[in-house]
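Structure at a glance
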Amino acid sequence: MTATDGGAHGAHEGPAGDGRTGPGGDTVAAVVRQWRAVRPDLDTAPMEIIGRINRCAALLQQAEDAPLRRAGLSRAEFDLLGALRRTGHELTPGELARETFSSGAAVTKRLKQLTERGLVERRGDTRDRRVAHLRLTDAGRDLVDGILPEQLAYESAVLSGVDGPRQDELAALLGGLLGQLEGRLDALRT
């Protein structure tokens, strides 16, 4: 197992196996030390970045986004509602899938639930009955507008241990990495 798996493997946890690190760094640092001990011939530097990104993502997902949970929404559902709100116009399910980096099947399932809750409404295309156009209802817009400030405050609290200039630096670095990956990830998979 590598550090890039999100840090779920017990070999890099604290002495009690409880996910805490021992002296000398975070869980990924422990994994890297172990790999260096058994395979000193390998450059483990990528693990220090990818592993930490994956571990951060896993921990953030475990936090369950309290404001969203109180509103009865998952992060994925909020992403769909947010995409409809921030674009300011109707979107097709395919456009929503692209906007939210989701599969078409996942978007269809979430849209069904959000429509049943009265947060999203569908309008058929006048020229092609196979196409649906989706928009927020007034209740959906009010929900997004009400939750967003609270969600941003929650996310700010999560990041409060990193001072402002370092947050800016981290955002820029992650933005650069994301831009590169979005531009060439398909080539890396082959």
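Residues numbered from 1 in each chain as written. Predicted model: local features only at pLDDT ≥ 70, side-chain atom pairs only at ≥ 80, totals over all residues. Heavy atoms only, no water.

Thoughts on the pattern of salt bridges
A side chain of one charge can pair with a side chain of the opposite charge if their charged atoms are brought near each other. Within the structure shown, the criterion is met by 13 salt bridges. With a shortest N-O distance of 2.8 Å, glutamate 155 and arginine 75 are connected by a salt bridge. On the criterion of sequence distance, the pair formed by glutamate 155 in helix H7 (residues 138-158) and arginine 75 in helix H4 (residues 75-87) is long-range, its members being 80 residues apart. The class for glutamate 155 is partly exposed, based on a relative accessible area of 28%. (Salt bridge = Lys/Arg side-chain N within 4 Å of Asp/Glu carboxyl O. Helix = DSSP H or I, 4+ residues; strand = E, 2+ residues; numbered from the N terminus. Buried < 20%, exposed > 50% of the residue type's maximum accessible area, 1.4 Å probe, protein only.)

A closer look at the layout of surface pockets
Roughly 2100 Å³ of volume is contained in the largest pocket. Lining the largest pocket are 48 residues, with Ile53, Cys56, Ala57, Leu60 and Leu174 positioned closest to its centre. Put simply, the parts of the chain that give the lining of the largest pocket at least two residues each are helix H2 (45-62), helix H3 (66-70), H4, helix H5 (93-100), H7 and helix H8 (164-189). The leading source of residues in the lining of the largest pocket is H8, at 12 residues. Among the residues making up the lining of the largest pocket, the classes are represented as 24 nonpolar, 7 polar and 17 charged. (1 Å grid on protein atoms, 1.4 Å probe; cavity = no way out; pocket = protein on both sides within 12 Å on 5 of 7 lines; lining within 4 Å. Points joined across faces, edges and corners; volume = space filled by probe spheres on them. Nonpolar A, V, L, I, M, F, W, Y, C, P; charged D, E, K, R; others polar.)

Re unusual backbone geometry
Its identity is not glycine, yet phenylalanine 101 carries a phi of approximately 55 degrees, on the positive side. Tracing the backbone through its elements, the reader meets phenylalanine 101 in the loop between H5 and helix H6 (104-116). Residue class for phenylalanine 101 comes out exposed when judged on its relative accessible area of 70%.

Observations concerning the side chain of threonine 92
Relative to the assigned elements, threonine 92 resides in the loop between H4 and H5. Assessed through its relative accessible area of 18%, threonine 92 is described here as buried.

Some points on a nonpolar patch on the surface
On the surface, Ile49, Ile50, Ile53, Leu170 and Leu174 cluster together into a nonpolar patch covering about 400 Å² of accessible area. Of all the elements in the fold, those that place two or more residues in the nonpolar patch are H2 and H8. The element contributing the most residues to the nonpolar patch is H2, with 3 residues. Structurally, isoleucine 53 can be placed in helix H2. We classify isoleucine 53 as partly exposed; its relative accessible area is 32%. (Patch = residues over 30% accessible without salt bridge, like charges linked within 9 Å, V, L, I, M, F, W, Y side chains within 5 Å. Areas by Shrake-Rupley, 256 points an atom, 1.4 Å probe, with all protein chains shown as cover.)

What to know about the side chain of threonine 137
As for its placement among the helices and strands, threonine 137 is situated in the loop between strand S2 (132-136) and H7. At a separation of 2.6 Å, a polar atom in the side chain of threonine 137 contacts the main-chain carbonyl oxygen of glycine 118. If we ignore the near neighbours within four places in the chain, the residues touching threonine 137 are Gly118, Leu119, Val120 and Glu121. (Polar contact = N/O pair within 3.5 Å; in protein donor to acceptor, adjacent residues only side chain to side chain. Contact = heavy atoms within 4.5 Å.)

What to know about the nonpolar core
In terms of nonpolar packing, the biggest core is built from 19 residues, with Leu73, Leu81, Leu84, Leu96, Leu111, Leu114 and Val120 touching the most fellow members. Only H4, H5, H6, S2 and H7 provide two or more residues apiece to this core. Looking at which element gives the most residues to this core, the answer is H4, with 5 residues. Once residues lying within four places of it in the same chain are set aside, the contact partners of leucine 111 are Leu80, Pro93, Leu96, Val120 and Leu134. (Core = buried A, V, L, I, M, F, W, Y, C linked by side-chain atoms within 4.5 Å.)

Some remarks on the confidence of the model for the chain
Looking at the chain as a whole, its pLDDT mean stands at 84, while 84% of the residues score no less than 70. Below pLDDT 50 for its whole length, residues 3-23 participates in 33 contacts with residues either more than four positions away or in separate chains. (pLDDT = per-residue confidence, 0-100.)

Describing the environment of serine 74
The topology assignment puts serine 74 in the loop between H3 and H4. As for serine 74 and arginine 110, which are separated by 36 residues in sequence, their C-alpha atoms are 9.6 Å apart.

Side note on the packing of H4 against H6
Taken N-terminus to C-terminus, the directions of H4 and H6 make an angle of 80 degrees; their axes are 10 Å apart at the nearest point. Viewed along their axes, H4 and H6 adopt a mutual orientation that is roughly perpendicular. Counted together, Ala76, Glu77, Leu80 and Leu81 of H4 and Val107, Arg110, Leu111, Gln113 and Leu114 of H6 form the full contact between these two elements. When its residues are assigned to classes, the contact of H4 with H6 shows 6 nonpolar, 1 polar and 2 charged. (Axes fitted to C-alpha atoms, helices over the stretch in contact; angles between N-to-C directions. Parallel < 35°, antiparallel > 145°, perpendicular 65-115°, else oblique.)

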